[in-house]
Amino acid sequence: MSVPAELLTLREQIDALDQQLFSVLAERFKVTAQVGQLKKQHQLPAQDATREAQQLEKTAKLAAQTGLDPDFAQRLQRLILDEVVAQHKLC
């Protein structure tokens with residue numbers, strides 16, 4: 001069965017967007033690694049519940065503004081935040 005050219009084009013677009021998404025995520029984790037080092041230097045806890053709540057609230061607003069499901073966006077952000085905290089605990 002042959003795949004329509006239009007579908008192949010859309011898949012190429014998805015692949016390019018995935019590349020961008022993961023590149024941005026990698027950059028984000030580089031910055032949060034620096035945050036983890038600063039927290040360690042200043043003997044601050046790995047997790048900041050107040051900051052996380054602010055981030056999740058902001059995420060829901062941004063999602064709504066861009067037409068993304070806010071619940072999905074918050075679940076994704078929670079996953080990212082959990083990974084950041086885990087990395088900070090390793091510092």
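Criteria and thresholds
- Residues numbered from 1 in each chain as written.
- Predicted model: local features only at pLDDT ≥ 70, side-chain atom pairs only at ≥ 80, totals over all residues.
- Heavy atoms only, no water.
- Helix = DSSP H or I, 4+ residues; strand = E, 2+ residues; numbered from the N terminus.
- Rg over C-alpha atoms; globule rule 2.2 N^0.38 Å.
- Areas by Shrake-Rupley, 256 points an atom, 1.4 Å probe, with all protein chains shown as cover.
- Expected span 1.5 Å × (residues − 1).
- Contact = heavy atoms within 4.5 Å.
- Axes fitted to C-alpha atoms, helices over the stretch in contact; angles between N-to-C directions.
- Left-handed = near helix turned anticlockwise from the far one by under 90°.
- Buried < 20%, exposed > 50% of the residue type's maximum accessible area, 1.4 Å probe, protein only.
- 1 Å grid on protein atoms, 1.4 Å probe; cavity = no way out; pocket = protein on both sides within 12 Å on 5 of 7 lines; lining within 4 Å.
- Points joined across faces, edges and corners; volume = space filled by probe spheres on them.
- Nonpolar A, V, L, I, M, F, W, Y, C, P; charged D, E, K, R; others polar.

Q: Tell me about the overall build of the protein, and name the residues and values.
A: Across its full length, the protein carries three helices and zero strands. In sequence order, the secondary structure elements of the protein are arranged as α-α-α. In terms of overall size, the protein is more extended than a compact globule, its C-alpha atoms giving a radius of gyration of 17 Å where 91 residues would be expected to give roughly 12 Å. The principal-axis extents of the C-alpha atoms in the protein amount to approximately 60 × 25 × 20 Å. Total accessible area computed for the protein in this model is approximately 7,300 Å², and 60% of it derives from carbon and sulfur atoms.

Q: I'd like to hear about helix H3 (residues 70–90), residue by residue, with values.
A: Across its 21 residues, H3 extends 30 Å between first and last C-alpha, which sits within 8% of the 30 Å expected from 1.5 Å per residue. Here the buried face of H3 lies against helix H1 (5–41) and helix H2 (49–66).

Q: Which residues make up the environment of Gln34, and what are the values?
A: Examined against the element boundaries, Gln34 turns out to sit in helix H1. When the C-alpha positions of Gln34 and His88 are compared, they lie 9.4 Å apart, and in sequence the two are 54 residues distant.

Q: Please set out the packing of H2 against H3 residue by residue, giving values where relevant.
A: Helix-helix packing is described using two parameters, namely the angle between the two axes and the distance between the axes. In the contact formed by H2 and H3, the axes pass within 8 Å of each other and the chain directions differ by 145°. In the crossing of H2 with H3, the sense of the turn from one axis to the other is right-handed. Contacts between H2 and H3 involve Glu52, Gln55, Leu56, Glu57, Thr59, Ala60, Ala63 and Ala64 from the former and Pro70, Ala73, Gln74, Gln77, Arg78, Leu81 and Val85 from the latter.

Q: Account for the side chain of His88, with residues named and values stated.
A: When you line up the elements, His88 lands in helix H3. Looking at His88, the relative accessible area reads 9%, which means it is buried.

Q: Before we move on, can you summarise unusual backbone geometry with the specific residues and values?
A: Phi at Gln43 is positive, roughly 55°, even though this residue is not glycine. Along the chain, Gln43 falls in the loop between H1 and H2.

Q: Residue-level account of the layout of surface pockets, with values.
A: Left-over empty space is what a probe sized like a water molecule reveals as it rolls over the atoms. Its boundaries defined by the atoms lining it, the largest pocket holds a volume of some 560 Å³. In this structure, the largest pocket is lined by 20 residues; those nearest its centre are Leu21, Thr59, Leu76, Gln77 and Ile80. Of the residues belonging to the lining of the largest pocket, the class tally is 12 nonpolar, five polar and three charged. Space inside the second largest pocket adds up to approximately 260 Å³. What lines the second largest pocket is a set of 15 residues, and nearest its centre among them are Thr32, Arg51, Leu81, Val84 and His88. Of all elements in the fold, only H1, H2 and H3 reach the threshold of two or more residues within the lining of the second largest pocket. A per-element tally of the lining of the second largest pocket places H1 first, with five residues. The residue makeup of the lining of the second largest pocket, split by class, is six nonpolar, four polar and five charged.

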